[in-house]
Amino acid sequence: MSQQQSLSQQPTNVPAWDWAQVPDMDLKVHTSDSEGTKQAKEAKKGKQEVLRKEKWAKACHQKAEEACLERERQEWEEHERQEHKECMDQERQECFKFRHMMWLI
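The shown structure was predicted, so the numbers you read here are calculated from the model rather than taken from an experiment.

(A) A look at the overall build of the protein. From N to C terminus, the protein includes two helices and zero strands. When burial is assessed residue by residue, the protein has 0% of its 105 residues classed as buried. As displayed, the protein has an accessible area near 11200 Å², and 57% of this comes from carbon and sulfur atoms.

Quick look at the structure:
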């Protein structure tokens, strides 16, 4: 075997070049530092802030509404207790009057 044949049969350790990945020096890269991107980010940030404030306001409104409903419930329960007490007092008085009348007879 000749030396030339033995060299051509051995694999080389040199990587194959992928010419699609070679940088193009004339290519202009637009970065996120452009004015349009900054404005878009600021607009998105502003919109997120508005949505956050709306969500907070809605939660506050809901909490206030729940507190109002709870206060109304407590007032209604107090009203019911008071009516019950008055009814029981009236019944007690009528019963006392009846007993008193029966005693007189």
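(B) Seen up close, the pattern of salt bridges. Summed over all chains, the structure comprises six salt bridges. Across the pair R52 and E49 runs a salt bridge, and its minimum N-O distance is 2.6 Å. Here R52 and its partner E49 are both found in helix α2 (residues 35-104), three residues apart, which amounts to about one turn of the helix. On the accessibility criterion, R52 (47% relative accessible area) is partly exposed. Of the residues examined, E49 reaches a relative accessible area of 34% and is grouped as partly exposed. With a closest N to O distance of 2.9 Å, R92 and D89 form a salt bridge. Remark: D89 and R92 occur in helix α2; sequence separation between them is three residues, near one turn of the helix. Of the residues examined, R92 reaches a relative accessible area of 52% and is grouped as exposed. Salt bridges here are not isolated pairs; linked through shared partners, they connect E70, R73 and E77.

Definitions and cut-offs
Residues numbered from 1 in each chain as written. Predicted model: local features only at pLDDT ≥ 70, side-chain atom pairs only at ≥ 80, totals over all residues. Heavy atoms only, no water. Helix = DSSP H or I, 4+ residues; strand = E, 2+ residues; numbered from the N terminus. Buried < 20%, exposed > 50% of the residue type's maximum accessible area, 1.4 Å probe, protein only. Areas by Shrake-Rupley, 256 points an atom, 1.4 Å probe, with all protein chains shown as cover. Salt bridge = Lys/Arg side-chain N within 4 Å of Asp/Glu carboxyl O.

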